[in-house]
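Chain by chain, the residues run as shown.
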Amino acid sequence: MPPAGPARSAPLVQAHDLARTFDVSPPWLNRVLEGKPRQLLHAVDGVSFEIERGKTLALVGESGCGKSTVARLLVGLYAPTRGGFQFDGQDAHAAFKSRDAKPMRRRIQMIFQDPYASLNPRWKVADIIAEPLREHGILSDKGALIERVGQLLQSVGLSPQDMTKYPHQFSGGQRQRISIARALATEPEFLVCDEPTSALDVSVQAQVLNIMKDLQRKQGLTYLFISHNLAVVRHVSDQVGVMYLGRLVELADKQKLFAAPRHPYTRMLLDAIPKMHDTGRARTPVQGEVPNPLSPPPGCAFNPRCPWVNERCRSERPQLFDDGSGTRVACHAVQEGRIDIPVVAG
Ligand SMILES: Nc1ncnc2c1ncn2[C@@H]1O[C@H](COP(=O)(O)OP(=O)(O)O)[C@@H](O)[C@H]1O
Ligand SMILES: [Mg+2]
C-alpha cells in the first residue's frame, strides 16, 4: 500500500533530462588509419516526465526513437549519460549503483517484448517464477514458494497446475502472462513494459492488456508502457509521450492527445491508425522514415517529414513548451500558431 500523507501526492517516477549516448565509433585502429572520427549516437537526449502512482504513461514512436533505451535506463540496465530519475523521492541510479541495490530493483521490474526469448526454455514455470523470490530472499521454504507461485499464476489467469510445465507448452499470450507473473513476484510498485504485446496476435493482445489493467486496479501498480502502436496505447494509458529521435515531441493527457494532437508527428501517427467509427476518412500510412541518428538533421529532427516546415524549423531546435492546456509540445509551427489545432470535442 502506498504511504498516506504528503509523500503520496508526489509523482512516483520523476525523470529529469534523461540522456544516454552510445559510442559507436569504428575500432581504434581503423580510426587512426582511415582518419575517422569518434561517433556518438544520442539514443535518448534529454527526456523529462513524471508518472503518478497508479497511473500509466505510454511512450510511443517509430522504431529507433529511443523507447527501449528509456526503459533500460529506468530499470538500471543502462546508466544515464546525463540526467537521472527519482523513484519515490530517491535517486534511483544512485540506488542501482550502490551495494544495497536490491531494495530498488525489487520495486521496479520490467516486462520485455518477446516472451519466447525472456523465459528460460529449460526451466519449469515454477522455477522461472520462484527465481526472483529466492534471489531477493523473499521466500526460501519450498512449500511457501509453491504456494506463492500458484497465487502469482492465478493472478494472471493461469492455473497453479501450470507450474510443472515448460515454457514451450504454452501459447505466446500465456508465456507473456508467465513473464508478468514473474515480474510481479517481488511485489514491485513500478512496471516498465517494453512492447509487451507487440509480438502477440491481435486477438491475444487484448487479453494481455486487460490482465495488465486489472492488475493495475487491484494492486495500484504504476506503468511505463512502451508501444510503437498508438491504437494499443489508447486502451492502457493515462498520459502519452511521443518520442522522435531520442526526444519527447509531445506529452499530453491521453484524451487530449487523441482528440487534439498538436505535433505534426503525433498527427502523422494518428492518421495511420485504422479508424473504426469514422469510416469516411481514409487512413494515411506513415510517410518517410526516421533519419539516421548519427547524422540528425539540424533544427527540428522532424523537419524533413513535416508539411509545416519553414526556415526556422531547419535551423533552430524547438524546445518543449506548455501550450496553456497542460499539453507540452516541441514545435515552432504550433508555438507560432501556423498550424490549426483541432477543437477538443466533449
Ligand atoms: N547498446 C546500443 N549500442 C549502440 N546503439 C544503440 C544501443 N541501443 C540502442 N541503440 C541505438 O539507439 C537508438 C534508439 O534505440 P532504441 O532505444 O532501441 O529505440 P526503440 O526502442 O524506440 O526502437 C537506435 O538508433 C539504436 O540503434
Ligand atoms: Mg524498442
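For the structure itself, consult the block above.
Okay, so let's go over this structure.

Conventions used here
- Residues numbered from 1 in each chain as written.
- Chains lettered and ligands numbered in written order.
- Predicted model: local features only at pLDDT ≥ 70, side-chain atom pairs only at ≥ 80, totals over all residues.
- Heavy atoms only, no water.
- Helix = DSSP H or I, 4+ residues; strand = E, 2+ residues; numbered from the N terminus.
- Rg over C-alpha atoms; globule rule 2.2 N^0.38 Å.
- Buried < 20%, exposed > 50% of the residue type's maximum accessible area, 1.4 Å probe, protein only.
- Contact = heavy atoms within 4.5 Å.
- Areas by Shrake-Rupley, 256 points an atom, 1.4 Å probe, with all protein chains shown as cover.
- Pairing = 2+ DSSP bridges.
- Axes fitted to C-alpha atoms, helices over the stretch in contact; angles between N-to-C directions.
- Parallel < 35°, antiparallel > 145°, perpendicular 65-115°, else oblique.
- Left-handed = near helix turned anticlockwise from the far one by under 90°.
- Nonpolar A, V, L, I, M, F, W, Y, C, P; charged D, E, K, R; others polar.
- Near = heavy atom within 4 Å.
- Polar contact = N/O pair within 3.5 Å; in protein donor to acceptor, adjacent residues only side chain to side chain.
- Right-handed = clockwise from strand over helix to strand, strands pointing away.
- Core = buried A, V, L, I, M, F, W, Y, C linked by side-chain atoms within 4.5 Å.

Considering the overall build of the protein
So, point 1. If you tally the helices and strands in the protein, you get 13 helices and twelve strands.
So, point 2. For the protein, whose C-alpha radius of gyration is 22 Å, the value lies close to the compact-globule estimate of 20 Å for 346 residues.
So, point 3. In terms of overall dimensions, the protein has a C-alpha envelope of 70 × 60 × 45 Å along the principal axes.
So, point 4. By the burial criterion, 48% of the 346 residues in the protein qualify as buried.
So, point 5. Summarising the internal contacts of the protein: among those between residues at least 6 apart in sequence, 65% fall at separations of at least 24.
So, point 6. Total accessible area on the protein is roughly 17200 Å²; 50% of this is exposed by carbon and sulfur atoms.

Looking at the sheet that holds strand β2 (residues 40-51)
So, point 1. Strand order across the open sheet formed by four strands is β2-β1-β4-β5, with antiparallel pairing between neighbours. In this open sheet, the two edge strands, each paired with only one partner strand, are β2 and β5 (90-91).
So, point 2. Relative to strand β4 (residues 82-87), strand β1 (residues 13-23) is paired through five bridges, and the arrangement is antiparallel. Across the sheet, Val-13 pairs through a bridge with Phe-87, a residue of β4.

Considering the packing of helix α7 (residues 172-184) against helix α8 (residues 202-219)
So, point 1. Put simply, α7 and α8 touch, their axes get as near as 10 Å, and they point 20 degrees apart. If you check the angle between α7 and α8, you find them roughly parallel. Two packed elements cross with a definite hand, and for α7 against α8 that hand is right-handed. From α7, Gly-173, Gln-176, Arg-177, Ile-180 and Leu-184 reach across to α8, where they touch Val-204, Gln-207, Val-208, Ile-211, Met-212, Leu-215 and Gln-219.
So, point 2. Across the contact of α7 with α8, the residue classes break down as seven nonpolar, four polar and one charged.

Section: the site of ligand 1
So, point 1. Surveying the vicinity of ligand 1 reveals 14 residues, the closest of which are Gly-64, Gly-66, Lys-67, Ser-68 and Thr-69.
So, point 2. Measuring from an oxygen atom of ligand 1, one finds a side-chain N or O atom of Lys-67 at 2.8 Å.
So, point 3. Between an oxygen atom of ligand 1 and a side-chain N or O atom of Thr-69, the distance comes to 2.6 Å.
So, point 4. Every element with two or more residues in the shell around ligand 1 is listed here: β2 and α2 (67-74).
So, point 5. At three residues, the largest contribution of residues to the shell around ligand 1 is made by α2.

A closer look at the environment of Leu-40
So, point 1. Here Leu-40 shows up in strand β2.
So, point 2. With 176 residues separating them in the primary sequence, Leu-40 and Gln-216 have C-alpha atoms 38 Å apart.

Here's the deal with the sheet that holds strand β8 (residues 222-227)
So, point 1. As summarised here, the arrangement of the eight strands in space is β6-β7-β8-β3-β9-β10-β12-β11, forming an open sheet in which the pairing is mixed. The two strands at the open ends of the sheet, each matched to only one other strand, are β6 (108-111) and β11 (321-322).
So, point 2. Where strand β3 (residues 56-60) and β8 come together, five bridges link them in parallel fashion. Across the sheet, the residue bridging to Ala-58 is Phe-225, located in β8.
So, point 3. On top of the sheet, α7 reaches β6 and β7 (190-194); it is set at about 170 degrees to β6, its chief contact.
So, point 4. Sitting on the sheet, α8 is in contact with β3, β7 and β8, with an inclination near 160 degrees to β8.

Some thoughts on the side chain of His-93
So, point 1. Along the polypeptide, His-93 turns up in helix α3 (residues 92-97).
So, point 2. For His-93, a relative accessible area of 9% gives the class buried.
So, point 3. At 3.4 Å, the side chain of His-93 forms a polar contact with the backbone oxygen of Tyr-78.
So, point 4. Those residues in contact with His-93 that lie beyond four places of it in its chain are Leu-73, Gly-76, Tyr-78, Ala-79, Pro-80 and Phe-85.

Side note on the pairing of β7
So, point 1. With five of five residues buried, β7 is to be regarded as a mostly interior element.
So, point 2. Judged by which residues are buried, β7 turns out to be covered on both faces: Phe-190, Val-192 and Asp-194 on one side and Leu-191 and Cys-193 on the other are all buried.
So, point 3. With four bridges joining them, β6 and β7 adopt parallel strand pairing. Opposite Gln-109, over in β7, you have Leu-191 as the bridge partner.
So, point 4. Bridge count for β7 against β8 is five bridges, and the pairing is parallel. Its bridge partner being in β8, Leu-191 is matched across the sheet by Tyr-223.
So, point 5. On the question of chirality, the crossover connecting β7 to the parallel β8 by way of α8 is right-handed.

Description of the nonpolar core
So, point 1. Core analysis: the largest hydrophobic core is formed by 53 residues, its most contacted members being Phe-49, Phe-190, Leu-224 and Leu-230.
So, point 2. If you look at the next biggest cluster of nonpolar residues, it comprises 35 residues, including Val-149, Ala-181, Ala-185 and Val-208.

Quick look at helix α11 (residues 264-271)
So, point 1. For α11, the buried fraction is high: seven of the eight residues fall into the buried class.
So, point 2. Within the span of α11, buried status applies to Pro-264, Tyr-265, Thr-266, Arg-267, Met-268, Leu-269 and Leu-270.
So, point 3. Buried residues along α11 sit against β3, α9 (230-236), β9 (239-244), β10 (247-253) and α10 (254-259).

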